Amino acid sequence: MNKDLTVGKPETVLRQFCLPLFGSVLFQQLYNIADSLVAGKFVGENALAAVGNSYEITLIFLAFAFGCNIGCSVVVSKLFGAKEYGRLKTAVYTALISCAVLCTVLMSIGFLFSDALLSCIHTPKNIFSDSALYLKIYIYSIPFVFFYNLCTGIFSALGDSRTPFYFLMFSSLSNIGMDILFVTKFSAMFPRGVDGVAWATFLCQGVSCVLAVVCIFLRLHAIHTAEKISLFSRTLLVDIAKVAVPSVLQQSFVSVGNILIQSVINGFGSGVIAGYAAAVKLNNLVITSLNTIGNGISNFTAQNIGAQKSDRVKNGFRAGYKFDLALCLPITALYLLGGKLLLRIFMESPTGEAMTVGITFLRILAPFYGIIALKIVSDGILRGAGKMNQFMIATFTDLILRVVLAKILSVPFGSTGIWMAWPVGWLISTAMSYIFYVKSIRNRA
């Protein structure tokens, strides 16, 4: 069901819209968490390290998928808010065609350079072959990842956050069962373990993608338009690219930064890699949840700007940050008090080093979740308003600081120094994003 985000109390509208988005991201994260959980529990610590090591490279492909999601979502939101339904349909078709071309290019690059990327991040020899196997199977699923994310952005732009949630809930829960099934009952077919979890994820992602694409076409068919609809528009592609390209660059550089950090981590051995792989999944669950709410705020901002109701954006900022704080505070307490129990979910017989690394990582980062939440809400409004330059400046500052400090601090403090770089980058980039929001959005609304 399509929903107009330009009417109603902003706090109520955002809560009703963002709650299903939050549920969706929890199930989206189950894909990655399930792979690590099953690998660590049913295969071993090296398998967990291999999946975690490959995950940092898969984030590069996810960066492009996320950029397509945001670019299409912001443009379609503005057109929906302005009730330009003919151009809205053309924007969707243009995005789908462009996404297919981009997938072909990225898959080709992935197959050609996957081993080289793993070598560049100094992947240890004892997990290299498993990392390469997992990564190459993941590359086959790129079209599913892209088109599902694109459809999610379109649903959100139309004010519908429930439909993708239902698809993803079914698919993610199925993935857990399929992961376990493939590495236990079908172990003869998948003798290395990591190939089993990779193929299970491939199948479940395919299901959610196909369902989402079918529903998008049904939803577009239900929107009646009098004019003839074009399947492709260069003008709309440029509009999408103006938002998508900076988002892709931002996410790509973040991914490259994470890979550089992973290369520093890999120098400390498989025990540190396994501890980081488990802890970063818990951290990413929080950050991705906050980013999803930020995406919802982008849709809210874009629809209201399209409907020329910019005065509602300030109220949306306050409502969004209250929503994020309500999420951050209990999770911070949970990670600080129960981090050890949560990490054991991923590791059947963890080494002392792996567990110590994971606990240290969570204790350093968790107290700063409320800070990064402020940045993500500010960034969501900047994206929705098309202020991409300010958004990228703040994000790149965070990234550069984290990479540089991780390398510097790892020398005197070991792996603990790497985790210390996160809060410094978050604090400075949050201040920048909030100042950009105040100067370019709040004071002009």
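Anything mentioned here points back to the structure above.
Residues numbered from 1 in each chain as written. Predicted model: local features only at pLDDT ≥ 70, side-chain atom pairs only at ≥ 80, totals over all residues. Heavy atoms only, no water.

### Some words on the overall build of the protein chain
Of the regular secondary structure elements, the protein chain holds 14 helices and 0 strands. Put simply, the protein chain runs from its N terminus to its C terminus through helices and strands in the order α-α-α-α-α-α-α-α-α-α-α-α-α-α. For the protein chain, long-range pairs separated by at least 24 residues make up 85% of all intrachain contacts whose partners lie at least 6 apart in sequence. Summing over all exposed atoms, the protein chain offers an accessible surface of approximately 17100 Å²; the carbon and sulfur share of this is 67%. (Helix = DSSP H or I, 4+ residues; strand = E, 2+ residues; numbered from the N terminus. Contact = heavy atoms within 4.5 Å. Areas by Shrake-Rupley, 256 points an atom, 1.4 Å probe, with all protein chains shown as cover.)

### Points about the environment of A406
Position of A406 among the secondary structure elements: in helix α13 (residues 388-413). Relative accessible area serves as the criterion here: at 0%, A406 is assigned to the buried category. When the C-alpha atoms of A406 and Q262 are compared, they prove to be 10.0 Å apart, with 144 residues separating the residues in sequence. If we skip the residues at most four places from it in the chain, A406 touches I261, V264, I418 and A421. (Buried < 20%, exposed > 50% of the residue type's maximum accessible area, 1.4 Å probe, protein only.)

### Focus on helix α4 (residues 125-140)
Over its 16 residues, α4 runs 24 Å from end to end, which matches the ideal 22 Å to within 8%, given 1.5 Å per residue. For α4, every residue scored as buried is listed here: I127, D130, S131, A132, Y134, L135, I137, Y138 and I139. (Expected span 1.5 Å × (residues − 1).)

### Re the layout of surface pockets
Quantified by volume, the largest pocket comes out at close to 220 Å³. Taken together, 13 residues make up the lining of the largest pocket; nearest its centre are C68, S98, L102, I240 and A244. At the level of secondary structure, the elements contributing two or more residues to the lining of the largest pocket comprise α2 (45-81), α3 (85-120) and α8 (234-266). Among the elements that take part in the lining of the largest pocket, α8 stands out by supplying 6 residues, more than any other. Along the lines of polarity and charge, the residues of the lining of the largest pocket split into 12 nonpolar, 1 polar and no charged. (1 Å grid on protein atoms, 1.4 Å probe; cavity = no way out; pocket = protein on both sides within 12 Å on 5 of 7 lines; lining within 4 Å. Points joined across faces, edges and corners; volume = space filled by probe spheres on them. Nonpolar A, V, L, I, M, F, W, Y, C, P; charged D, E, K, R; others polar.)

### Here's the deal with the nonpolar core
Nonpolar side chains tend to gather and get buried jointly when the protein is soluble and globular. With 73 residues, the main nonpolar core has Y335, F361, Y369, W419 and W422 as its most contacted residues. For this core, the leading source of residues is helix α9 (residues 270-306), giving 15 residues. Contact partners of Y335, with chain neighbours within four places excluded, come to L282, N283, L285, V286, L342, L362, A366 and Y369. In terms of nonpolar packing, the next biggest core, distinct from the first, is built from 47 residues, L79, Y148, I216 and L236 among them. (Core = buried A, V, L, I, M, F, W, Y, C linked by side-chain atoms within 4.5 Å.)

### Let's talk about the packing of aromatic side chains
As enumerated under the stated definition, the model contains 17 aromatic pairs in all. Ring centres 5.9 Å apart and planes at 40 degrees place the aromatic pair F317 and Y434 in the tilted group. Highlighted residues: F317 in helix α10 (residues 312-344) and Y434 in helix α14 (residues 415-440), separated in sequence by 117 residues. Residue class for F317 comes out buried when judged on its relative accessible area of 8%. (Phe/Tyr/Trp six-rings, centres within 6.5 Å; stacked < 30°, edge-to-face > 60°.)

### Looking at α8
The axis of α8 is deflected most strongly, by about 35 degrees, at A241. For α8, the capping residue at the N-terminal end is S233, with a side-chain oxygen 3.4 Å from the backbone nitrogen of T235. (Bend = angle between axes of the 7 residues up to and from the residue. Polar contact = N/O pair within 3.5 Å; in protein donor to acceptor, adjacent residues only side chain to side chain.)

### Some words on the packing of α3 against α4
The relative placement of two packed helices comes down to the angle between their axes together with the axis-to-axis distance. Between α3 and α4, the least distance of the axes is 10 Å, while the angle of their chain directions is 160 degrees. Relative to α4, the element α3 lies roughly antiparallel. At the point where α3 passes α4, the crossing takes the right-handed sense. Taking contact as the criterion, the partners of M107, G110, F111, S114, D115, L118 and S119 in α3 are, on α4, F128, S131, A132, L135, K136, I139 and Y140. (Axes fitted to C-alpha atoms, helices over the stretch in contact; angles between N-to-C directions. Parallel < 35°, antiparallel > 145°, perpendicular 65-115°, else oblique. Left-handed = near helix turned anticlockwise from the far one by under 90°.)

### Observations concerning the pattern of salt bridges
Using the criterion set out here, one finds 6 salt bridges in the structure. Measuring nitrogen to oxygen at the nearest pair gives 3.2 Å for the salt bridge that ties E11 to K322. Here the residue E11 occupies a position in helix α1 (residues 10-43), and K322 occupies one in helix α10, the gap between them amounting to 311 residues. When its relative accessible area of 48% is taken as the criterion, K322 is described as partly exposed. Close ionic contact of K375 with D379 constitutes a salt bridge, the shortest N to O distance being 2.9 Å. Pair noted here: K375 and D379 are both in helix α12 (residues 369-384), with a separation of 4 residues, about one helical turn. When sorted by exposure, K375 lands in the same class as D379, which is buried. (Salt bridge = Lys/Arg side-chain N within 4 Å of Asp/Glu carboxyl O.)

### A few points about the side chain of Q262
For Q262, the position within the fold is in helix α8. Accessibility expressed as a relative area gives 0% for Q262, which makes it buried. Sequence-distant contacts of Q262, defined by excluding residues within four places in its chain, comprise G52, N53, E56, I121, I273 and Y276.

Without other data, these values stay purely geometric and don't point to any function.
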